[in-house]
Structure formats: C-alpha cells, structure tokens
Amino acid sequence: MSTIRGARERARIEVTAAIKDEARKQLAEEGAAKLSLRAVARELGMVSSALYRYFPSRDDLLTALIVDAFDAIGAVAERAAGVLPPAERWIAVACAVREWGLAHPHEYALIYGSPVPGYIAPMDTVGPASRVGLVFIDIVRAAFRAEDLAVPALAPELRSDAERMASEFAPDVPPAAVAALVAAWAQLFGLISFELFGQFNRVVEAREPLFRQAAGELARSVGLPGVRTT
C-alpha cells in the first residue's frame, strides 16, 4: 500500500510541476490576466475536470505561481547575503535580486508588476513575499547591533508610521532606520522595474554600474557604513 501511495504522490508532484510549467509559458506569451485553466489543460492533453483536482480555480494556480516566484527570489537573496560586512551584503543582495529579475522577467512581472484584474492575493503569499525584505532588515539589524549603523534623520510627520512599521517588521531596529529601509527597498525595486519594463531604453546603457552605484547610495541612506560600489 505504501508503495502505491508513494507512486501516486510522485505522479501528483510531476503533474503539478507540468501544470505550473505550462502556466508559466502562458504568462510569457499572454500575460497573467489571460491565464486559463482550460488552455493549460488543453496544452497538456488533460481534460479540464482532471486539472481542477490540482488547482480548483485560476486564482489557485496564480497563487501557486506567485508563491513559487517569491520563494525563488527570496532564496536568491538569502544565498547572496552570505557572511559579508553589512554594506557589501546589501549590495550583493540587491544585485542578486536584479539578476533574478532579468533572468525571470515574466515571473518578476507577476509579483512586482501590475496587479492581475480580479485577483486578490491570499494570506498564503505574505510569508514568501516577505523573504527579500527580511534579508534587508537582517542586514540593517546586524549593523545596528554592532553599533555600526548611522541612524538616519526622520521627519516628524513620519514618526507615527515609522514606529508602526518598526513594531511590525523589526522592533529591535530604530524606527528611523526602518522608514529609510522601506524607502530604499521601494527604490531598489523601482530601478529593477525601470530596467525590466523598458524605461531605461535609449536612456541608460551602463545599467549594471548604475544599479550598483544606486544600491550603494541607498545603503548609505539607511545608515550602513563603508559602502563600496566598485
């Protein structure tokens, strides 16, 4: 019985992987808004009712793809962090995230591009979506614990938001540093999105050096010391 169960589980894993692979192909060709379970089933030679046993709806399949993408980019960020000094770690993580985005443009667009009409991300996506941010938080936390973080200034109008964000994301990091970190995180992904979605075309040619320099400036903005970008 256990042998049969094991074979069934392996078969389910293989079919699930095939469904996701075909769905990613559709993302590349048609975009997330046009993802269709019927089209996926047709390309795999399955009847729709069989596919529904794996993913009951298009949104369930989208959620699986989103979680996979967040986990993939999160794993890249975590590996890049290594044991470098904080400032070098920041730049290494930022560059690794950029490289993943350039290598996986359609998955990047799924998680950081325009929202999919009619889709509401469930709580299942929150943990995976937090992985990259948590890596950056850990970098700033390490510098603060080592008494090597120049805590940035904080506008009085931001005090309430900064304290709330710190309590939610990093209660052991000064609120001013958390606010600066959120701004830097948004700007890093903005740079990647500009490059990936074509806004730098005929504007910036040396995109990797530009990104590396900007990542260093953003590291300084959160108070990390000794930033080297070359």
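Located above this text is the structure these notes cover.
Residues numbered from 1 in each chain as written. Predicted model: local features only at pLDDT ≥ 70, side-chain atom pairs only at ≥ 80, totals over all residues. Heavy atoms only, no water.

A. Just the packing of helix H6 (residues 105-112) against helix H9 (residues 175-196), in detail. Two elements in contact, H6 and H9, have axes separated by 11 Å at closest approach and are oriented at 130°. With respect to H9, the element H6 is oriented oblique. Judged by the sense of rotation from one axis to the other, the crossing of H6 with H9 is left-handed. Where H6 approaches H9, its residues Pro105, Tyr108 and Tyr112 are matched on the opposing element by Phe189, Ile192, Ser193 and Leu196. (Axes fitted to C-alpha atoms, helices over the stretch in contact; angles between N-to-C directions. Helix = DSSP H or I, 4+ residues; strand = E, 2+ residues; numbered from the N terminus. Parallel < 35°, antiparallel > 145°, perpendicular 65-115°, else oblique. Left-handed = near helix turned anticlockwise from the far one by under 90°. Contact = heavy atoms within 4.5 Å.)

B. Up close: the pattern of salt bridges. For the structure shown, the criterion picks out 14 salt bridges. For the salt bridge of Arg145 with Asp172, the shortest nitrogen-to-oxygen distance reads 2.9 Å. Residue Arg145 is located in helix H7 (residues 126-145), and its partner Asp172 is located in the loop between helix H8 (159-169) and H9; the two are separated by 27 residues in the primary sequence. The class of Arg145 is exposed, set by a relative accessible area of 61%. Exposure remark for Asp172: the relative accessible area of 30% places this residue in the partly exposed category. As a salt-bridge pair, Arg212 and Glu208 come within 3.2 Å of each other at their nearest N and O atoms. In this pair, Arg212 and Glu208 both sit in helix H10 (residues 207-221), four residues apart, roughly one turn of the helix. Among the residues examined, Glu208 registers a relative accessible area of 32% and is labelled partly exposed. Taken together, the salt bridges that share partners define one network made up of Lys20, Asp21, Arg24, Asp68 and Glu107. (Salt bridge = Lys/Arg side-chain N within 4 Å of Asp/Glu carboxyl O. Buried < 20%, exposed > 50% of the residue type's maximum accessible area, 1.4 Å probe, protein only.)

C. Structural detail: the packing of aromatic side chains. According to the stated counting rule, one finds eight aromatic pairs in the structure shown. Judged by centre distance (6.4 Å) and plane angle (20°), the ring pair of Tyr108 and Phe189 falls under stacked. In this pair, Tyr108 is assigned in helix H6 and Phe189 in helix H9, connecting sequence segments 81 residues apart. Neither residue differs from the other here; Tyr108 and Phe189 are each classed as buried. On the numbers, 6.1 Å between centres and 55° between planes, the contact of Tyr108 with Phe197 is tilted. Here Phe197 lies in the loop between H9 and H10 and Tyr108 lies in helix H6, a separation of 89 residues in the sequence. Among the residues examined, Phe197 registers a relative accessible area of 39% and is labelled partly exposed. Linked through ring pairs, Phe70, Tyr108, Tyr112, Trp185, Phe189 and Phe197 together constitute an aromatic cluster. (Phe/Tyr/Trp six-rings, centres within 6.5 Å; stacked < 30°, edge-to-face > 60°.)

D. Molecular detail of helix H4 (residues 58-81). With 24 residues, H4 extends 35 Å between its outermost C-alpha atoms, agreeing within 8% with the 34 Å of an ideal straight helix rising 1.5 Å per residue. Here H4 lies mainly inside the structure; 17 of its 24 residues are buried. Looking one or two residues past H4, Gly82 carries a phi angle of roughly 50°, positive in sign. (Expected span 1.5 Å × (residues − 1).)

E. Expanded view of empty space enclosed by the protein. All told, the structure shown has one cavity of 30 Å³ or more when counted by the stated rule. Taken together, Ala94, Val97, Phe136, Leu188, Phe189 and Ile192 form the lining of the largest cavity. Residue assignment for the lining of the largest cavity shows that the elements contributing at least two residues are helix H5 (86-103) and H9. With three residues, the single largest contributor to the lining of the largest cavity is H9. In the lining of the largest cavity, the residues fall into six nonpolar, no polar and no charged. (1 Å grid on protein atoms, 1.4 Å probe; cavity = no way out; pocket = protein on both sides within 12 Å on 5 of 7 lines; lining within 4 Å. Points joined across faces, edges and corners; volume = space filled by probe spheres on them. Nonpolar A, V, L, I, M, F, W, Y, C, P; charged D, E, K, R; others polar.)

F. Structural context of the nonpolar core. Among the nonpolar cores identified, the biggest contains 71 residues, and Trp90, Val93, Phe136 and Leu224 are the most heavily contacted of them. Leave out the neighbours within four places in its chain, and Phe136 touches Trp90, Val93, Ala94, Leu181, Trp185 and Leu188. (Core = buried A, V, L, I, M, F, W, Y, C linked by side-chain atoms within 4.5 Å.)

G. Examining the environment of Ala77 more closely. Of note, Ala77 is situated in helix H4. With 98 residues separating them along the chain, Ala77 and Pro175 place their C-alpha atoms 23 Å apart. The contact partners of Ala77, leaving out residues within four places of it in the chain, are Val93, Val97, Val132 and Val135.

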